[in-house]
Amino acid sequence: MSFQLAKPIDTLYEDVADYDLVVVPDAPLASALNRRLHRPHLGSFAMTPRRLAAGRREEAEDRLAFLELVKHTELDWKAAAYAIGNILQCWEHQASADSILDYDDYAGKTTQQAVQTIRELDITSRAITDFEINTDQDVAVVGYDQLTALERSILPADYDTYSPFTTDAFDHPDFHIFESANEIINTVLDTVTAENADDIAIVLDSASEYSPLIESGLEAADIPFYGGPGFADHPDHRAFLRLLRTAHAGTDTCVEEVRSVLTRLDCAPGIEHDEKRLHDLDHDAVSWVVEFCTSITDYTFAEALGAFETEADCELESFQDELDALGIAEDQVTEAGVDRLEFYLQTYEVPVDRENEGVLLADAKSAAYVDRPLVFHLGLDEGWTHSAPQRPWVDEDAQYTRNIQQFQLLLQSGATQYYLVQDAKGGSPVTPCLYFEELLEENFDQFSDLDAVHHTTSRSQSENGFNRETRDVEPTTVRTVSQSSLSTYVNSPRDHFFSRLVDSPDKEYFRQGNLFHDFAEYYVNHPDAVNEDTIEATVDLMIEETRPFTRSVDEPTRRTRYRFGLETITEYLDEALPENDSFLTATSGWGTNTVAEHFGRPVDSSFTERWFENHDLGLKGKIDLVSGPTSLVDHKSSSRKRAAQVVNGAAIDPPSDRPNFQALAYLAHWRSTNPGEELTFTFFHFLEPLDDAVTSEAAIEDALTTVTYYPKSFATFAQSRQAYDRLIEEGANNCQKTFSKATYEDYRGVFESAPFPDTTDKSALLDSVFADCLINEMQSVVGEYKYVTSGCEQALRQLARTAGRNFFKDEVDAFEEFVNERISEMNRRRAGEERFPVDGLGGEPNYRYVDNRDLLLEGRHD
């Protein structure tokens, strides 16, 4: 089949102008022919079979039949809707109301009862079944193949048929490919004005993303349109249904789940409350919604609607009419009742009164003709393909012919057509409407394989990216960065940029972690004031503070978790606290402490919560605990990471897939105040031993991960007496055996005879000239035994492990330079000299750790 050229409406009119009656399959086509009627005519000229038989505009007879059934029978709503759909569809294809009963699989008791009721209804299918066209009239039929069996049943014995197509092929316009749906919508809105709105139609899949985007765009531009959102899409109707659903959703509903309702009622709290449970949110703004939900069983549907109208300051008379039509206005608002109401509104299109003026929005699967000079066709993807009815009474070939002819006619509507499409979404190709496979005589998988024009977002010719208005505003210069901000920036600079612009909700793990930190600080300041009662009171406080985030059913588990964490903190701090703070400068504390405020005691220890802002290094942060002149501690409620994971996460060339610079940043700052000292940084994962505590095998050591900073290079450390002693004390068996039989001078001499490799890689060390020299030297000193060779290899592995689990001077030096480069780069981008790219230093960002995923466009990593 080729893409046939459709006859222009004027040509069709010339073909049928002399007939008394013209039967057409589509109401817009009938209207278009009637508008061209230039002679006096008695009665109808061009009509659809249904309009001709019923004498009125078509109504949704499936909805009317459903209302009758649910109001006068006890049938289940879903079963009734299923039966009605089958009956009317079978009637349409077999031209008889009773024909459904010929199919045993579909002729159950519900169907039989529905048939009995529908037979008596004043609906269009009944009218067309009883109707015959006057045989005295000259009748023309346009698009006979598009008529169903029921529609053809009204035709007289004699009539002439006219095809809506010519014998020529249609030279379709190019596809205009855009990078996003927003760009397509903006292109359309650049063309449409209030003055030319009556000359423009937009054809789209009403269930696609284009529909709400174009509707909101036209509304924002104050451009009239019709044929768009239906009854169920009315924002107040949606909000009311969402409110009823929320009332039956239980007490674990989060604020973000009902933000649309709260926004409509003008009572939405800040975004920081999004992940808190609505019923436990201590916020006056949501009190009415919580009270409504709590007392929902006291309302009838009519009363609930009235309460919503009062609170939202609106009138929903049409919604009240639907409740009356369904016979549920005085029913209690049960969850089952809400399910049935929602099912009805999702299944049937409730008529909406609207002004037929402005831009025409046409559904791609409902319309065949659009009589406007300019027509935009949006999407043209799989959503435009009709779903063929899988029923035995449907002639699939005839139905397919109707669908594909409708598709061809629709794509040729208008004097000028524009096909605006996307070639890919979310990194995956967009599949064009399946009818193109039948109509276009070429192979293709996506729109770019066809005749297409590609459109990209307009950029300025400068390096500044998007066109923008220049403002005489001095950008704020960044002088210091936190370790978390630096980690985000390295993963994705654009995500870092948006994190400074976009608010984010409070997180349960943040709140929980802060409370544990507050308790640790409180315990350091007042160890004598903490006992079992204090810990239990703190658990109660934590339960209350985190209640908005969590389910009540989880409270016993959380109590156990919190109590264990607090007890582990006290156990560790009893051992970790220094005897005095003479090595520290005075501090006035940092931030607030919820636990201390709860117990009414001050916190002013110089050991804890030490804020630093080191302008020389460009770093800032908060040290949880200074446990000694050269020892720092950070409390963590997360899962424990090994020392090797900590070091790998701090890599800069190339950066880790999950960058984390906390240990490296804090050690860099602390060495600036303690130059030349060996320093340690300990992560205290106080919840890590919780599982082992069940079997009484928990040990505080299982909660600790410590990395050391050595104020020397790795090569210098490797040849030190400290490294040699560790090989003897901590090395594997053969390593200890070998080096204990040699002296440090023997070991040190190898470094003088062969250069130590500039690497920390285990394999590179083992394959180096130095490794050969070490083995030869130890064999000459200890003897040519197999264990000597093995012991030397074990020693090199031990050194590599030490390098992979700690930091050395040259690494921290490189990190300080790295921070300086990032801050300079960040300030250039803040000043507009270059863009914040999506890709980080390691390439494509790790999206698992991106906070603003929705703001980063796929495939746009520049």
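For the structure itself, consult the block above.
Since we're looking at a predicted model, the values are computed, not measured. (Residues numbered from 1 in each chain as written. Predicted model: local features only at pLDDT ≥ 70, side-chain atom pairs only at ≥ 80, totals over all residues. Heavy atoms only, no water.)

A. Local environment of a positive patch on the surface. A grouping of Arg642, Lys762, Arg801 and Arg805 is seen on the molecular surface, where their side chains present a positively charged patch. Topologically, Lys762 is positioned in helix H32 (residues 762-766). Judged by relative accessible area, which is 42%, Lys762 ranks as partly exposed. (Patch = residues over 30% accessible without salt bridge, like charges linked within 9 Å, V, L, I, M, F, W, Y side chains within 5 Å. Areas by Shrake-Rupley, 256 points an atom, 1.4 Å probe, with all protein chains shown as cover. Salt bridge = Lys/Arg side-chain N within 4 Å of Asp/Glu carboxyl O. Lys, Arg positive; Asp, Glu negative; His and termini not counted. Charge placed at Lys NZ, Arg CZ, Asp CG, Glu CD. Helix = DSSP H or I, 4+ residues; strand = E, 2+ residues; numbered from the N terminus. Buried < 20%, exposed > 50% of the residue type's maximum accessible area, 1.4 Å probe, protein only.)

B. Spatial organisation of empty space enclosed by the protein. Evaluation of the coordinates by the stated rule reveals one cavity of 30 Å³ or more. Within this model, the largest cavity holds a volume of roughly 30 Å³. Lining the largest cavity, in full, are Phe717, Ala723, Arg726, Leu727, Gln798, Leu799 and Thr802. Every element with two or more residues in the lining of the largest cavity is listed here: helix H29 (721-730) and helix H34 (786-804). Considered class by class, the residues forming the lining of the largest cavity number four nonpolar, two polar and one charged. (1 Å grid on protein atoms, 1.4 Å probe; cavity = no way out; pocket = protein on both sides within 12 Å on 5 of 7 lines; lining within 4 Å. Points joined across faces, edges and corners; volume = space filled by probe spheres on them. Nonpolar A, V, L, I, M, F, W, Y, C, P; charged D, E, K, R; others polar.)

C. Molecular detail of a nonpolar patch on the surface. A contiguous nonpolar surface patch, about 320 Å² in accessible area, is contributed by Phe497, Leu501, Val502 and Leu855. Within the secondary structure layout, Leu855 lies in the segment after helix H35 (809-830).

D. Quick peek at the packing of helix H4 (residues 61-72) against helix H15 (residues 317-326). As a packed pair, H4 and H15 sit with axes 8 Å apart at the nearest point and diverge in direction by 55°. Accordingly, the angle class assigned to the pair H4 and H15 is oblique. Two secondary-structure elements touch here, H4 through Arg63, Phe66, Leu67, Val70 and Lys71 and H15 through Glu322, Asp324, Ala325 and Leu326. The residue makeup of the contact of H4 with H15, split by class, is five nonpolar, no polar and four charged. (Axes fitted to C-alpha atoms, helices over the stretch in contact; angles between N-to-C directions. Parallel < 35°, antiparallel > 145°, perpendicular 65-115°, else oblique. Contact = heavy atoms within 4.5 Å.)

E. Expanded view of unusual backbone geometry. The omega torsion across Asp653 and Pro654 is -5°, close enough to zero to call that bond cis. Mapped onto the secondary structure, Pro654 falls in the loop between helix H25 (643-649) and helix H26 (662-673). Residues other than glycine seldom take positive phi values, yet Asp313 does so here, at roughly 55°. Considering the arrangement of structural elements, one finds Asp313 in the loop between helix H14 (301-312) and H15. Given a relative accessible area of 72%, Asp313 falls into the exposed group.

F. Layout of the pairing of strand S20 (residues 679-685). With respect to burial, S20 is a largely interior element, six of its seven residues being buried. Relative to S20, strand S19 (residues 631-636) runs parallel, the two sharing six bridges. Bridge assignment links Ser631 to a residue of S20, and that residue is Thr680. As paired strands, S20 and strand S21 (residues 704-710) are joined by six bridges and run antiparallel to one another. (Pairing = 2+ DSSP bridges.)

G. Examining the side chain of Asp624 more closely. Structurally, Asp624 can be placed in strand S18 (residues 619-628). When near neighbours in sequence (up to four residues on either side) are disregarded, Asp624 contacts His517, Phe607, Thr608, Glu609, Val633, Asp634 and His635.

H. Region of interest: the nonpolar core. Core analysis: the largest hydrophobic core is formed by 82 residues, its most contacted members being Phe66, Leu244, Phe308, Phe319, Leu326, Leu341 and Tyr344. The element that contributes the greatest number of residues to this core is helix H5 (residues 77-94), accounting for nine residues. Excluding anything up to four places from it in sequence, Leu326 contacts Phe66, Leu67, Val70, Trp77, Leu341 and Tyr344. Membership of the second largest hydrophobic core comes to 36 residues, among which are Leu486, Val490, Leu619 and Val646. (Core = buried A, V, L, I, M, F, W, Y, C linked by side-chain atoms within 4.5 Å.)

I. Geometry of a negative patch on the surface. Judged by side-chain charge, Asp298, Glu303, Asp313, Glu315, Glu317, Asp321, Asp324, Glu330 and Asp331 come together as a negatively charged surface patch. The biggest single contributor to the negative patch is H15, with three residues. Assignment of secondary structure puts Asp331 in the loop between H15 and helix H16 (335-347). The class for Asp331 is partly exposed, based on a relative accessible area of 34%.

J. Seen up close, the sheet that holds strand S12 (residues 416-422). Pairing in this open sheet of seven strands is parallel, and the strands run S9-S10-S8-S11-S12-S7-S15 from one edge to the other. The sheet is open, and its two borders are formed by strand S9 (225-226) and strand S15 (452-454), each paired with just one other strand. Pairing between strand S7 (residues 175-178) and S15: three bridges, direction parallel. From the neighbouring strand, His176 faces S15, where its bridge partner is Val453.

K. Region of interest: the sheet that holds strand S4 (residues 139-142). If you trace the four strands from one edge of the open sheet to the other, you get S3-S2-S4-S5, paired in parallel fashion. Since the sheet does not close on itself, it has two edges, and those belong to strand S3 (46-47) and strand S5 (160-162), each with one partner.

L. Local environment of helix H22 (residues 532-546). If you check H22, its first and last C-alpha atoms are 21 Å apart, about what 15 residues at 1.5 Å a residue would give, namely 21 Å. Those residues of H22 that fall on the buried side of the exposure criterion are Thr534, Ile535, Thr538, Val539, Leu541, Met542, Ile543 and Thr546. Those residues of H22 that are buried are in contact with helix H21 (508-525), helix H23 (555-576) and helix H24 (594-599). Where H22 begins, the side chain of Asn531 points an oxygen toward the backbone nitrogen of Asp533, at a separation of 3.0 Å. (Expected span 1.5 Å × (residues − 1). Polar contact = N/O pair within 3.5 Å; in protein donor to acceptor, adjacent residues only side chain to side chain.)

M. Examining the pattern of salt bridges more closely. Inspection of every chain in the model, using the stated rule, returns 36 salt bridges. Close ionic contact of Arg559 with Glu536 constitutes a salt bridge, the shortest N to O distance being 3.8 Å. Of the two residues, Arg559 is situated in helix H23 and Glu536 in helix H22; the sequence distance between them amounts to 23 residues. Classification of Arg559 by relative accessible area gives partly exposed; the value is 21%. Judged by its relative accessible area of 28%, Glu536 is partly exposed. Put simply, Arg822 and Glu825 hold a salt bridge, and the shortest N to O gap is 3.2 Å. Taken together, the positions of Arg822 and Glu825, both in helix H35 and three residues apart, correspond to about one turn of that helix. Taking the relative accessible area as the measure of exposure, Arg822 reaches 8% and is therefore buried.

N. Representation of the packing of H21 against H23 within the structure. Between H21 and H23, the shortest axis-to-axis distance is 10 Å and the interhelical angle comes to 35°. By crossing handedness, the relation of H21 to H23 is classed as right-handed. When H21 is examined against H23, the residues Glu508, Gln512, Phe516, Phe519, Ala520, Tyr523 and Val524 are found in contact with a partner set consisting of Arg561, Tyr562, Gly565, Leu566, Ile569, Thr570, Leu573 and Asp574. (Left-handed = near helix turned anticlockwise from the far one by under 90°.)

O. Examining H16 more closely. Here H16 is 13 residues long and its end C-alpha atoms lie 18 Å apart, about the 18 Å a rise of 1.5 Å per residue gives. Looking at H16, one finds that the buried residues are Gly337, Val338, Leu341, Phe343, Tyr344 and Leu345. Looking at the buried residues of H16, the elements they touch are H4, H5, helix H11 (235-247), H14 and H15.

P. View of the packing of aromatic side chains. What the rule picks out here adds up to 52 aromatic pairs. Pairing Phe292 with Tyr299 gives two aromatic rings, centres 4.9 Å apart and planes at 40°, and the pair type is tilted. Of the two residues examined, Phe292 and Tyr299, each falls in the buried class. Measuring from centroid to centroid gives 5.2 Å for Phe407 and Phe436, while their planes differ by 80°, and the two rings are edge-to-face. Taken together, the residues Phe407 in helix H17 (residues 396-411) and Phe436 in helix H18 (residues 435-439) connect sequence positions 29 residues apart. Note on Phe436: relative accessible area 1%, which makes it buried. Through successive ring pairs, a cluster of aromatic residues spans Tyr710, Phe714, Phe717, Tyr724, Phe739, Tyr744, Tyr747, Phe751, Phe756, Phe770 and Phe808. Above the plane of the ring of Phe818 lies Arg822, whose end atom (NZ or CZ) is 4.8 Å from the centre. (Phe/Tyr/Trp six-rings, centres within 6.5 Å; stacked < 30°, edge-to-face > 60°. Lys NZ or Arg CZ within 6 Å of the ring centre and 35° of its normal.)

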